[in-house]
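These are the residues of each chain, in order.
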Amino acid sequence: MKKLLMATAATALASGGAMAQSDDVKIGIVFGFTGPIESLTPAMGASAELALEEINESGAFLGGTTLTPVTADSTCVDSAAATAAAERLVTTDGVVAIVGADCSGVTGAVLSNVAVPNGVPMISPSATSPGLSEAEDDGLFFRTAPSDARQGEVLAGILETEGVDSVAVTYTNNDYGKGLSDSFVAAFEEAGGEVTLTAPHEDNKADYSAEIGALASAGGDVLVVLGYADSGGRGMIQAAADTGAFSTFMMGDGMYSDVLLDDFGDVLEGSYGAVPWSQGEGAEAFSALVNERGEFDPESTYTRESYDAAALLVLAMQAGGEATSEAAAANVMDVANAPGEEIMPGELGKALEILAEGGEIDYVGATDVELIGPGEAAGTYRYYTITDGAFETVEFR
Amino acid sequence: MDLLNAFVALSNFVLIPAIAYGCQLALGALGVTLVYGILRFSNFAHGDTMAFGTMVAILVTWGLQGLGVSLGPLPTALLAIPFGIAGCALLLLATDRVVFRFYRAQKVVPVILVIVSMGVMFVYNGLTRLVIGPDSRTFGDGARYLMNARQFRELTGLSEPLVIRSTQAITVVTAVVVVAALFWFLNRTRTGKSMRAYSDNEDLALLSGIDPERVVRVTWLLVACLATIAGVLYGLDKTFMPFTYFQLLLPIFAAAIVGGLGSPLGAIAGGFVIAFSEVGITYAWKKVLTYLLPEPLEPDGLVQLLATDYKFAVSFMILVVVLLFRPTGLFRGKSV
């Protein structure tokens, strides 16, 4: 134990010393490296660092200023811990901007407790709660992941295309499920549809026949399942099939899973859903870039968004002409959206040069970035149907 | 008025699931009631005993499936039940030898044994999670439906479907066989009679030469059988997850107490009372009533007495009512 303590202290000293020596610009990366999404965050962090590395190698950022990533643990679930970690980044390490946080709950906490009081901008690659759109952010909060409010609209639009006007809704009983369900129901009812019943379900139960009984009693042509493919959502579909209560399902993004398809092939035939999707030149360029120099899987969830988040912060500072929080916050929307030259992953050096010469850019990035409303990604969703036991793309929305 | 559709909807969502669930609870409650009647304490480890027996059966099932053994339309797990029972019996006998016998020799009051059984519960709990993990496991195979929704609609032309899962049918058949065998054993065999004698009056039984340790061993063997069979049936019909088996403890105890602790007949009746109340109270009756009532009286709301989230509250309510008004239960068991 003593040895461990000494080693820890030595490491802290050494790293602190290293930081004190360099007088470059620091970017904070706040992800849940421990906690429920710890399997995703290493790739997300590496992806954000990849963007910074690329910029450092180009040497084009503000006349050769280098960027140093400083990571902190958001824990995904513990708001107090995330706030403390972000506070340390801002006050001790002096980061000018933050990539993160990851989960919606801690992101809101870091935003209101750290980012807003200190005037530090943050771009979250993965917080999707609709609540964050209305958060008091003083123009400091952006996200490269689409809000679930957008997904709700997309799902409502799909039902319109399918000609369904009466549905029952079940959602997983947490912030994600509740937020998505609220936005979907609002969008669908506005479009003139009827929601017979909105019922939550708990994850990890042995049996969902009682929940399905209530939904079946309420009626509806389609059951909208906004849950998780390996937990409650799966149980709901199983119970619906077992009782013959519903034969067509519409599924939210948490339900997109090959395993589900393998297990319930026949049951899901003719069902449909939506899932966030990156396609086109940007996504391919990103995969190529990662395969060339990164050591993580470019297809892993939210890695593309993480790369874009880091790149956007730096490009915004370049556009403002100084490495400050104010410059980053003020210019994110400008560099992300048209007009200007389109920028793909791997072209950050070129983008920096264009900005240095006073030109304009339209950052496309790995996820076809288009920031709308209060600074969040419009998002592209893949509308799919299940035909012959396989996901078949209908279109992208 | 559409009596036929109303009845089919009722059967599909209430009668059939409740009967299957009632059988599973009854088997569980029989185990609890046996321990209470003969060993004279409430065994809180019963839910996790079920989980352990089921776990052994699942591991053997996977092995059999790996070897290519199958029962055709029946689930392979039925073949694995004897192995599950054997594993469970070994565990229970070992626990009795190491833990319960010590306290029995000291003639401790029952409440101490209850606390001891809680400790045993935690150990079983950890043991099961250590071996098979806390996640849900599927091990069912064979034909899933005896009759599915499409077949029923084509057969009858009714708009409401009636689905009978093969696991539900297996549950009912197995429960009937097991209960019949248990009653035959308790009422007709010499060992069964000596167990009942020991349960009625320990001192008199000892005077007439009954070996108490033998009675205890046979009781644990019976409990292992009942717990494993109930657990496997529940797992096949629903899902196997250690935590849900722990949660089953409440409805199982409610069933045993409602029926009258120590009374095997009561345990069965109690199982069905709890199952039908749970399903019936949390069911949304709108659909059935819409078929039954004339149009002006059709309900707008769901006509659901309690949201499904409160399923466990039903067991509690029944427990409270029974303990207040008839503490010995429906079949005059021992008072709690």
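Residues numbered from 1 in each chain as written. Chains lettered and ligands numbered in written order. Predicted model: local features only at pLDDT ≥ 70, side-chain atom pairs only at ≥ 80, totals over all residues.

Topic: the overall build of chain A
Stage number 1. Helix and strand counts for chain A come out as 14 helices and 16 strands.
Stage number 2. Considering only C-alpha atoms, chain A reaches an extent of 70 × 55 × 40 Å along its principal axes.
Stage number 3. When contacts within chain A are restricted to residue pairs at least 6 apart in sequence, long-range pairs at least 24 apart make up 69% of them. (Helix = DSSP H or I, 4+ residues; strand = E, 2+ residues; numbered from the N terminus. Contact = placed C-beta atoms within 7 Å.)

Remarks on the environment of Phe-183 of chain B
Stage number 1. In this fold, Phe-183 of chain B is placed in helix α6 (residues 166-188).
Stage number 2. Along the primary structure Phe-183 of chain B and Ala-105 of chain B are separated by 78 residues, whereas in three dimensions their C-alpha atoms are 29 Å apart.

With respect to the pairing of strand β8 (residues 222-226) of chain A
Residue and element names in this part refer to chain A.
Stage number 1. Across the five residues that make up β8, a large majority, five, are buried.
Stage number 2. Direction of pairing for β8 relative to strand β9 (residues 249-251): parallel, over a ladder of three bridges. The partner of Val-225 across the bridge, within β9, is Met-251.
Stage number 3. The β-α-β motif built from β8, the intervening helix α8 (residues 232-243) and the parallel element β9 has right-handed crossover chirality. (Buried ≥ 20, exposed ≤ 12 C-beta atoms within 10 Å, placed from the backbone. Pairing = 2+ DSSP bridges. Right-handed = clockwise from strand over helix to strand, strands pointing away.)

Structural notes on the UniProt feature "transmembrane region" (unreviewed entry) in chain B
Residue and element names in this part refer to chain B.
Stage number 1. UniProt feature "transmembrane region" (unreviewed entry): in the numbering of this structure it lies at residues 6-39, 51-71, 77-96, 108-127, 162-186, 215-234 and 305-325.
Stage number 2. Between the C-alpha atoms that bound residues 108-127 there is a distance of 27 Å. The span itself is 90% helix and 0% strand.
Stage number 3. Here residues 162-186 is 84% helix and 8% strand, with 38 Å between the C-alpha atoms at its ends. (UniProt positions renumbered as here; feature names shortened; annotations may be inferred.)

A closer look at the sheet that holds strand β2 (residues 67-73) of chain A
All names here are of chain A.
Stage number 1. Reading across from one edge, β2-β1-β3-β4-β5-β14-β13 is the order of the seven strands in this open sheet, with mixed pairing throughout. The open sheet has two free edges, formed respectively by β2 and β13 (371-372), since each of these has just one partner strand.
Stage number 2. Bridge count between β13 and strand β14 (residues 376-377): two bridges; the pairing is antiparallel. Directly across from Ile-372, in β14, lies its bridge partner Glu-376.

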